[in-house]
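# Fold and geometry: a report
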Amino acid sequence: MSAQVVTPLFDISYDVGWIAALPKVCLHDHLDGAVRPETLIELAADIGHELPASDPASLERWFVESADSRSLERYLETFEHTVAVMQTASALTRVAKEYVLDAAADGIVYGEVRWAPEQHVRAGLDLDSVIEAVARGILLGEEAAADRGSTITVRQILCAMRQNNRSLDIAEAAVRHRDRGIVGFDLAGPEKGFPPTAHRDALDYCARHFLPVTLHAGEADGVASIREAVVDGRCLRLGHGVRILEDLTRRDRDADLADNVSRLPSSRDISLVPASSLYEMGEVASWVRDRRIVLEVCPCSNVQTDAAPRVGEVGTAQGTEDSPNHWARTYREHPVELLRGLEFAVTINPDNRLMSRTSMTHEFLKLAEEFGYEREDFFEITMTAANATFLPLKEQDEIVDRVVAGYSDSPVVG
Ligand SMILES: [Zn+2]
């Protein structure tokens, strides 16, 4: 069975009805990276903000091309435009409501959306007001989705920007607004040069108040950054975390085998040879894997920003940061399948729907195309995510039940 499905943000049709219909859990998605191009144009006109293009299709293309620069810094620059129009309560509420509707259309039954309140106070709003505005939009979105027959729950993760010094304010605001759907804390922005230890007060505050933490780490910086995220940040999940593979050494005697295994297209093939037997794991990688610290993997985004080690180079002398061959430049070269083969707790996420021209459905489609993922692979990934939410256990169990029920309802194809 198949059907034409149009992804909510983009004018692309895929013959992927069964993938679109699967219930999805999304743990890593930025609100300011998911603004509809049409909305961006309208909100920019309201405040006289100049955009690089004036029609939705050209604007969308500009975002993708800019984000394709293979530099996290340039990728982050594109957010200047989305953030610029999200400075009033009404704009924040609208963007949040539309986010929830788009997520529901993408098959998401539970999502944690993240954003940085400190970036939305330029027009005079305070932190509490911007958080209230987004919370209101999410509620409206959940209600509107329910009216359309979709059950979706969305919670917020508040980000502090690593290059600024407001992280303690944000951590305090997150704890203060827990009853408005805030479930976690994150550090976002440039990873290199702005380590978690520079935000120790905020991270200690979260720990003392038992607020769950996920940190962007192992994206624009390597194992040292991940070490700080888990040791100093006490994070329960890692935003991306894919550079954890730089803590692996390939055993020489198995080089040919590792080459082959890392290129195999499907997880069932890889399970014929345990990938873990081919690599020596460092203590950070062992900790992350053994303690089930969940990786919020975002393949499309990683390929755009040179954030993921290329699968065939993992653990080799060539696989160092300065080597031109180090980075996955195509989806096929992304090490997501190796991470699963090594038994890391892997989830799949969009990161930024607009800049990366993606969605949960699109990521799943690419996994099916490039690695032969099937229904049981998507179920495993989704259950990993459903069991790693920042919800209290009873609410999390309801999400798990929602996923299981969705899989039993969805057509058995793929
Ligand atoms: Zn992110």
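Here is a short report on the structure shown in this document. What you are looking at is a predicted structure, and each value in this text was computed from that prediction instead of being measured. (Residues numbered from 1 in each chain as written. Predicted model: local features only at pLDDT ≥ 70, side-chain atom pairs only at ≥ 80, totals over all residues. Heavy atoms only, no water.)

Right, let's talk about the side chain of arginine 340 for a bit. With respect to the secondary-structure elements, arginine 340 resides in helix α15 (residues 336–341). For arginine 340, the side chain forms a polar contact with the side chain of tyrosine 373, separated by 3.1 Å. (Helix = DSSP H or I, 4+ residues; strand = E, 2+ residues; numbered from the N terminus. Polar contact = N/O pair within 3.5 Å; in protein donor to acceptor, adjacent residues only side chain to side chain.)

A word on the sheet that holds strand β12 (residues 346–348). In spatial order, the strands read β7-β8-β11-β12; together these four strands make up an open sheet with parallel pairing. In the strand order of this sheet, the two ends are held by β7 (214–217) and β12, each with one partner. Across the sheet, the mean angle separating the axes of adjacent strands is 30° when strand polarity is ignored. For β7 and strand β8 (residues 237–240), the ladder comprises four bridges, and the chain directions are parallel. (Pairing = 2+ DSSP bridges. Axes fitted to C-alpha atoms, helices over the stretch in contact; angles between N-to-C directions.)

Summed over the entire model, instances satisfying the criterion amount to seven aromatic pairs. Ring centres of tyrosine 331 and phenylalanine 371 lie 6.5 Å apart, and the angle between their planes is 45°; this geometry places the pair in the tilted category. Taken as a pair, tyrosine 331 in the loop between α14 (299–305) and α15 and phenylalanine 371 in helix α16 (residues 360–371) lie far apart in primary sequence, 40 residues in all. As far as the burial class goes, tyrosine 331 and phenylalanine 371 line up, both buried. On the basis of an interplanar angle of 50° and a centroid distance of 6.1 Å, the ring pair of phenylalanine 371 and tyrosine 373 is categorised as tilted. Classification of phenylalanine 371 as buried rests on a relative accessible area of 3%. By relative accessible area, which is 2% here, tyrosine 373 ends up buried. Clustering of aromatic rings is evident, with ring pairs tying together Trp18, Tyr331, Phe364, Phe371, Tyr373 and Phe378. (Phe/Tyr/Trp six-rings, centres within 6.5 Å; stacked < 30°, edge-to-face > 60°. Buried < 20%, exposed > 50% of the residue type's maximum accessible area, 1.4 Å probe, protein only.)

For the coordinates displayed, the defined rule picks out 31 salt bridges. Linking aspartate 204 and arginine 234 is a salt bridge whose minimum nitrogen-to-oxygen distance equals 2.4 Å. Here arginine 234 lies in the loop between α10 (223–231) and β8 and aspartate 204 lies in helix α9 (residues 200–208), a separation of 30 residues in the sequence. A residue is classified by how much of its surface remains accessible, and aspartate 204, at 24% relative accessible area, is partly exposed. In this structure arginine 234 comes out as partly exposed when scored by relative accessible area, which is 40%. (Salt bridge = Lys/Arg side-chain N within 4 Å of Asp/Glu carboxyl O.)

Pairing in this open sheet of four strands is parallel, and the strands run β3-β4-β5-β6 from one edge to the other. Edge strands, defined here as strands with exactly one partner in the open sheet, are β3 (24–30) and β6 (182–188). Averaged over all adjacent pairs, the angle separating strand axes in this sheet is 25°, with direction ignored. Pairing geometry for strand β5 (residues 153–161) and β6, over six bridges, is parallel. Each residue of the ladder has a partner; that of alanine 160, found in β6, is leucine 187.

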